[in-house]
Each structure stands twice: as structure tokens, then as C-alpha cells.
Number of protein chains: 2
Amino acid sequence: MTLTLPPAEAARELVEPVLRAAVDRLDPHAARVARYHFGWTDGDGRPRAAGGKALRPTLAVLSARAAGAGAERCLPAAAAVELVHAFSLLHDDVMDDDPVRRHRPAAWTVFGRSQAILCGNALLVLAGELLLEQKTPGYAAAARMLNHATLSLMAGQALDLEFQDRDDVTRDECLLMSRHKTAALLACACSIGVTAVEGSGSLAGSLFEFGTEAGLAFQLADDLLGIWGEPEVTGKPVLSDLRTRKKSLPVVAALTGGTESGERLAELLARPGQLAEADLHEAARMVEQAGGRAWAELEAERRLDAAARRLDEADLPADVRAEFLQIARFITARDH
Amino acid sequence: MTLTLPPAEAARELVEPVLRAAVDRLDPHAARVARYHFGWTDGDGRPRAAGGKALRPTLAVLSARAAGAGAERCLPAAAAVELVHAFSLLHDDVMDDDPVRRHRPAAWTVFGRSQAILCGNALLVLAGELLLEQKTPGYAAAARMLNHATLSLMAGQALDLEFQDRDDVTRDECLLMSRHKTAALLACACSIGVTAVEGSGSLAGSLFEFGTEAGLAFQLADDLLGIWGEPEVTGKPVLSDLRTRKKSLPVVAALTGGTESGERLAELLARPGQLAEADLHEAARMVEQAGGRAWAELEAERRLDAAARRLDEADLPADVRAEFLQIARFITARDH
């Protein structure tokens with residue numbers, strides 16, 4: 001571990017070999033799809049420079065450090081969280097019919113929907129296996145923690161799909177969905193290291209709450225990027241969430257704020273057929289006028305503040321606290 | 001447990017409450033699909049008389065009894081195996097585009113593909129959770145055993161999908177696929193009770209081998225039914241596997257036997273478009289003339305004999321041995 005590397009890079013360098021060795025244990029079909037999804041190979045199986053910011057493994061490693069343990073003691077947990085994340089991306093892209101993932105063709109467009117689903121399933125089981133083969137009480141508890149996060153993830157995706165067919169989604173419902181779909185696995189990543197190395201339950205609890213708040217802030221920031229983000233940053237077309245009429249948090253806040261702009265936005269989004277570029281820009285202005293943008297920005301700030309307070313409760317080593325906070329700020333910054 | 005009930009009924013009565021309580025813990029979307037899939041409700045959520053032969057839970061309960069333990073000690077394991085089985089059926093029906101399951105519309109035709117996939121995922125995670133929450137070394141080992149069976153199941157489904165696009169599948173490849181897709185979970189069911197109650201490793205090993213052989217015999221019998229089974233028994237149209245040009249074991253044996261009938265069968269199955277009824281009957285005759293039917297019948301008998309020998313190695317209580325054998329014979333009989 002080179003100290004000059006920023007923490008995320010360092011965690012990735014530690015966790016990636018564990019991930020690669022885990023994927024090597026899969027059947028050849030699932031392994032081929034997984035290597036592509038992780039960015040280790042192209043569609044023909046040729047090696048390429050790896051991608052991925054390894055956010056969740058980095059948080060898991062920090063979590064173990066919070067309990068006074070070295071990174072090496074929580075690598076299976078860090079890898080397992082990343083495997084569950086990969087599982088959910090593989091499946092969500094199939095369900096959402098989303099052809100692009102991390103600026104590349106999504107795995108299902110290369111290998112077919114069935115192989116992408118099967119690969120996701122295999123990664124999910126492999127995650128459990130990495131934890132259980134450690135055969136310690138801490139890792140058994142970590143496996144259960146990851147199970148709960150995974151069930152939450154799926155409940156969030158089910159809500160997300162339900163919302164697509166409804167025009168009366170409330171802001172609270174939308175926050176609940178984000179809590180399941182985004183925050184649950186981040187909260188798990190922030191606390192699983194403590195659990196795996198058998199640190200204190202109250203420390204794990206505080207870090208879980210930190211991860212929940214940071215995860216909600218992250219989703220709010222991501223939803224803001226989905227409307228106002230630069231394509232070269234997001235890897236998606238400009239105004240992409242309006243294009244797909246996604247019920248993101250700023251949009252739902254705008255629709256349910258009781259404003260005239262909100263009503264006009266509802267009418268615009270209810271129009272049949274594809275929306276013209278001019279309509280998309282008009283919709284973005286309406287979200288702003290109806291207060292959706294300001295609410296989401298403020299709510300993201302609030303959640304970030306709440307996250308910081310949770311860290312203060314946790315009595316962490318100063319460097320660990322600083323790194324957690326740095327990551328929370330990084331993932332909620334709207335210029336990356 | 002009423003002694004006058006045949007063993008399968010008894011196991012179902014014991015395991016179903018555990019399954020129902022487990023499903024109650026899921027998010028409402030997944031729970032709704034699961035209750036329908038298990039046959040507890042209709043598509044509108046109204047209760048109906050339950051179905052399902054609970055084969056795997058029955059084997060799991062027998063497995064615990066083989067180790068001298070009461071059924072009640074292995075119910076979470078018995079339920080977990082059934083949950084994984086349900087997961088695989090839900091997903092396979094989506095991937096295979098199969099609209100019928102147990103004489104009813106498959107779950108995905110009622111709730112959509114995404115909700116069926118999500119429900120399958122939730123059942124898979126729930127299975128792990130049922131085992132881990134027992135917090136004993138035996139159940140932790142059972143969780144790993146079930147993980148391995150699940151990975152095998154997925155590898156089998158990946159091979160099955162691959163075979164659909166190939167015309168050079170060998171009999172051995174086809175047997176390997178069945179070993180993964182069908183035999184692995186049955187073998188797990190036959191041995192997981194021993195593992196969960198911390199019985200001997202050699203007993204678990206013998207019962208695992210028994211389950212593997214019985215599982216292969218089961219698949220051979222099922223493939224024979226897929227061609228020559230009565231629709232009222234199989235719940236599928238007559239000659240259904242030929243209709244879908246499935247590369248089942250008798251068909252692959254016929255195609256690769258080096259006979260003239262096998263060559264004619266290959267030509268017939270390669271014809272574009274839907275096959276006429278007369279062609280389907282002709283194809284069935286060719287499978288028979290090319291020796292595919294006789295080979296599959298003989299191979300099923302051989303596997304059943306091998307399964308019985310594995311039971312003899314295991315030094316079981318006489319009643320447990322008799323029940324295992326009765327189930328193996330029941331699932332490989334071609335008149336049910």
C-alpha cells in the first residue's frame with residue numbers, strides 16, 4: 001500500500017486481486033460476463049485497463065480501520081460488497097433496458113439478457129461465499145448484514161419499477177426508495193468492516209447511520225446530475241433523466257410542491273411520444289421554478305451535515321474520520 | 001406429524017409454515033409474487049389450495065433423520081432448499097420464455113419479467129438468511145453447501161442456454177448440464193439435513209452421491225416424459241420438448257449415435273419454422289429408432305441402481321433408507 005495514493009486508489013489495489021480471484025472461481029460463462037462488467041476485459045475477452053472507483057470497497061476498508069483493524073482483515077468483506085453492487089447493476093440494466101454502463105455498452109447488450117442475469121446471480125452467491133468461508137463469527141454476522149442490505153436493494157428496485165407506472169408518487173416515497181436502493185448498500189459498506197473484524201456494535205451502528213445519510217445525499221446529488229450534469233461527466237446524454245421521464249427526487253419534489261410550474265411540468269411529462277430537445281430544456285426550467293432543484297440541493301446539504309454528525313458520535317481515529325468525510329463530500333459534489 | 005400420511009405430505013405440512021413465515025418477511029412486491037408462485041394465492045392475491053410436491057424439503061427432512069435428528073431440527077434447511085428451487089424456477093421461466101409452470105400461468109406472465117426476477121433474487125437471499133440466523137456451525141456449513149449447489153444450478157442454466165445455439169452438443173456435455181442444473185440441488189437436499197444437524201461428513205457425502213445419481217435418473221425420466229409423457233401428467237402439450245427442439249438427453253443420444261435415423265432427425269429438427277404435428281410424431285419415432293429412448297431408459301435404470309448402492313454405503317436406519325429409495329423410484333417412474 002503506497003501512502004502517496006489517495007485512499008480510494010489504495011483500497012482498489014488491495015481489493016481487486018481478491019475480486020479477480022473470486023471471479024476466477026465462477027463457471028466460465030458467468031466469469032466472462034463478470035470480467036467484462038468489471039472493466040477487466042473487452043467484449044471479446046481481451047484485457048483492458050480496469051475502471052471503477054471502488055467506492056464501496058474503500059468504505060469497507062475504512063470501516064475496518066475505524067475498529068482499529070488493518071485493511072487485510074476485511075478484504076473479503078470489501079470484495080463481497082462490491083460483488084453485490086455489481087450484481088445489482090447487471091440486473092438493473094436488464095430491467096431498466098439501459099444500454100450504457102460506465103461509458104461502455106452494458107453487459108446484457110454484449111452477452112444477452114439471460115447471461116447477464118445469471119452472472120448477477122452468481123456474483124450474489126459468490127459474495128456470500130467469500131464471507132462464509134472465513135468461518136468466523138464476525139464474518140457470519142457480516143454475511144447477514146449483507147443479506148439485509150441486498151434485500152433492501154431489491155425492495156428499492158421493486159419500488160422504482162412500480163413508480164414508473166404511477167403519477168402520484170410522493171417525495172417521501174421517493175426518499176424511501178432511495179433509502180433502499182442506494183443508501184442501504186452504502187450503509188452496509190460503511191459498517192461491514194467493523195462487523196467482520198468483530199468491533200463494537202455501537203461503532204457499527206453509527207457508521208451504518210453515517211452511510212445511510214451519505215447515501216441519501218449521494219442519490220440527491222446523482223439525481224441533480226441526471227438533469228443538470230455534463231454528458232462527459234455522467235456518461236449519459238444531457239437532461240437524460242428528463243428524457244426517460246425518471247421520477248427522480250428533484251422531479252418529484254417539483255411535481256408535488258403545489259406550484260403552477262409543477263402542474264405545467266406534469267402536463268409536459270404526460271405528453272405521449274418522445275420529448276423534443278426544446279421540451280426537455282423547458283422541463284428542466286420548470287423543475288427549477290417549481291423549487292425541485294433548490295429542495296434537492298438543500299436536502300443533500302442537510303443529509304451531508306447529518307452524516308458528519310453521525311461520524312462525530314462514533315469517536316473515530318482522526319484520519320479515518322477525515323477520510324470518511326472526504327469520501328462523503330466527494331460523492332455528493334456535483335462537479336465530478 | 002400424522003403417521004398415516006405418506007412422508008412427502010408430512011414434510012410439506014412441517015415445512016410450509018416455515019416457508020410462509022419466511023415469505024412474510026419479504027418486501028410486499030416480492031412477497032406477492034412468491035405467494036403466487038408457491039400456489040398459495042391466485043394472481044389477485046386471493047388464497048387458494050396450495051400445490052407443489054415439496055420433493056426437496058422431504059429429502060432434507062429425511063437427511064436429518066438419517067443423522068438421527070428429528071425433522072424439527074432441519075426445517076430452516078428444508079425451507080431454504082425449497083426457496084432456492086423456487087428462485088431457479090422463477091428465473092428459468094423468464095429466460096426460457098416459458099409461460100406455464102405447474103399447470104398455471106408462470107409468475108412472469110402475471111407480474112412481469114422484472115418483478116419475477118426480483119422475487120427470485122429475494123428468495124435466494126432469504127434462503128441464506130434462514131440458514132445463517134440459526135447461528136450454529138452446522139447451519140453455517142449448510143449455507144455454504146447451498147451456495148455451492150446454487151452456483152452449480154446457475155452454471156447448468158448457462159450451459160442449457162449455450163446448447164440452444166449449438167448443433168454439436170455431445171451426450172457427455174448434456175449429462176454434465178443435467179448434473180449441474182438438476183442433480184446438484186437434489187444432492188444438496190439429500191445431504192443438507194446431515195450437515196445442518198452436524199452429523200458425520202461421510203454420511204453427508206454418501207447421501208450427496210445418492211442425490212446426484214437419483215437427480216440424473218430424474219432428469220432422464222423427465223426428458224423421456226418431455227417426449228412421450230401424457231399432457232395431463234406433464235401439464236405441457238404432447239411431444240413438447242420436440243416442439244421446442246430442446247436438446248434433451250434422449251434427443252442428443254439419438255443425434256450423436258451415428259445412425260441413419262439420427263441423421264434424419266437432425267435434418268428434421270434443422271428445418272426452419274414451426275414443425276407440423278406429423279413431423280413431431282415422426283421426430284419421436286426417429287429418436288426411438290436411433291436408440292435415444294432405449295439409451296435414456298437404460299441410463300435412468302443404471303443411475304437408479306447406483307443411487308441405491310450409495311444408500312447401502314451409508315448405513316442408514318431401515319425406514320429412512322426405504323423412504324429415500326421410494327422417493328428415488330417415485331421421481332423416476334414414467335407414469336406419474
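- By the naming in an unreviewed UniProt entry, chain A goes by Geranylgeranyl diphosphate synthase, type I and is assigned to Nonomuraea jiangxiensis.
- Regarding chain A, the relevant UniProt record gives this comment under Sequence similarities (unreviewed entry): "Belongs to the FPP/GGPP synthase family."

1. Some points on the nonpolar core
Piece 1. Of all hydrophobic cores here, the largest spans 182 residues; its most connected members are L123, L146 and F324 of chain A together with L123, L146 and F324 of chain B.
Piece 2. In contact with L146 of chain B, other than residues within four places in its own chain, are A80, V81, V84, A127, L131, L185, C188 and I192 of chain B.

2. Notes on the packing of aromatic side chains
Residues and elements named next belong to chain B.
Piece 1. Enumeration over the complete set of coordinates arrives at six aromatic pairs over all chains.
Piece 2. A centroid spacing of 4.9 Å and a plane angle of 20° characterise the contact between F38 and W40, whose relative ring orientation is stacked.
Piece 3. Judged by its relative accessible area of 7%, F38 falls in the buried class.
Piece 4. The exposure class of W40 is buried, given its relative accessible area of 4%.
Piece 5. With 5.2 Å between their ring centres and 65° between their planes, F210 and F324 make a pair best called edge-to-face. Taken together, the residues F210 in helix α9 (residues 201–228) and F324 in helix α16 (residues 318–332) connect sequence positions 114 residues apart.
Piece 6. Judged by relative accessible area, F210 falls into the buried class, the value being 1%.
Piece 7. Over the ring of Y36 we find R104, and its NZ or CZ is 4.1 Å from the ring centre.

3. Considerations on the packing of helix α3 (residues 55–66) of chain B against helix α4 (residues 75–95) of chain B
Residue and element names in this part refer to chain B.
Piece 1. Contact geometry for α3 and α4: axes closest at 8 Å, N-to-C directions at 150°. The pairing of α3 with α4 is recorded here as roughly antiparallel in orientation. Of the two elements, α3 crosses α4, and the hand of that crossing is right-handed. Taking contact as the criterion, the partners of R56, P57, A60 and V61 in α3 are, on α4, L75, A78, V81, E82 and H85.
Piece 2. Of the residues that constitute the contact of α3 with α4, the class distribution is six nonpolar, one polar and two charged.

4. Here we look at the interface of chain B and chain A
Piece 1. Listed by partner, the interface residues are 32 residues for chain B and 32 residues for chain A.
Piece 2. Per-residue buried area on chain B facing chain A is highest for L118, V125 and R144 of chain B; these three make up 20% of the total on that side.
Piece 3. At the junction of chain B and chain A, the tally comes to four salt bridges.
Piece 4. Taking the shortest distance from any N to any O, the salt bridge between R144 of chain A and E129 of chain B comes out at 2.8 Å.

5. Structural notes on the packing of helix α7 (residues 137–164) of chain A against helix α8 (residues 171–196) of chain A
Residues and elements named next belong to chain A.
Piece 1. Two numbers describe how α7 lies on α8: the axes approach to 8 Å, and their chain directions differ by 165°. Classed by the angle they form, the pair α7 and α8 counts as roughly antiparallel. Here α7 and α8 pass one another in a crossing that is left-handed.
Piece 2. Split into classes, the residues belonging to the contact of α7 with α8 amount to 18 nonpolar, seven polar and three charged.

6. A word on the domain arrangement of chain A
Residues and elements named next belong to chain A.
Piece 1. Structurally, chain A comprises domain 1 (1–166) and domain 2 (200–336).
Piece 2. The interface is formed by 16 residues belonging to domain 1 together with 17 residues belonging to domain 2.
Piece 3. Where domain 1 abuts domain 2, roughly 1400 Å² becomes buried across the two surfaces, and 68% of that area is made up of carbon and sulfur atoms.
Piece 4. Looking at the side of domain 1 facing domain 2, the largest losses of area belong to L62, R65 and A66, adding up to 33% of the total buried there.
Piece 5. At the boundary of domain 1 with domain 2, the tally comes to two salt bridges.
Piece 6. Across the salt bridge formed by E323 and R65, the nearest N and O atoms sit 3.1 Å from each other.

How each quantity is defined
- Residues numbered from 1 in each chain as written.
- Chains lettered and ligands numbered in written order.
- Predicted model: local features only at pLDDT ≥ 70, side-chain atom pairs only at ≥ 80, totals over all residues.
- Heavy atoms only, no water.
- UniProt positions renumbered as here; feature names shortened; annotations may be inferred.
- Core = buried A, V, L, I, M, F, W, Y, C linked by side-chain atoms within 4.5 Å.
- Buried < 20%, exposed > 50% of the residue type's maximum accessible area, 1.4 Å probe, protein only.
- Contact = heavy atoms within 4.5 Å.
- Phe/Tyr/Trp six-rings, centres within 6.5 Å; stacked < 30°, edge-to-face > 60°.
- Helix = DSSP H or I, 4+ residues; strand = E, 2+ residues; numbered from the N terminus.
- Lys NZ or Arg CZ within 6 Å of the ring centre and 35° of its normal.
- Axes fitted to C-alpha atoms, helices over the stretch in contact; angles between N-to-C directions.
- Parallel < 35°, antiparallel > 145°, perpendicular 65-115°, else oblique.
- Left-handed = near helix turned anticlockwise from the far one by under 90°.
- Nonpolar A, V, L, I, M, F, W, Y, C, P; charged D, E, K, R; others polar.
- Buried area = accessible area lost by both parts, 1.4 Å probe.
- Salt bridge = Lys/Arg side-chain N within 4 Å of Asp/Glu carboxyl O.
- Domains from an automatic or database assignment.

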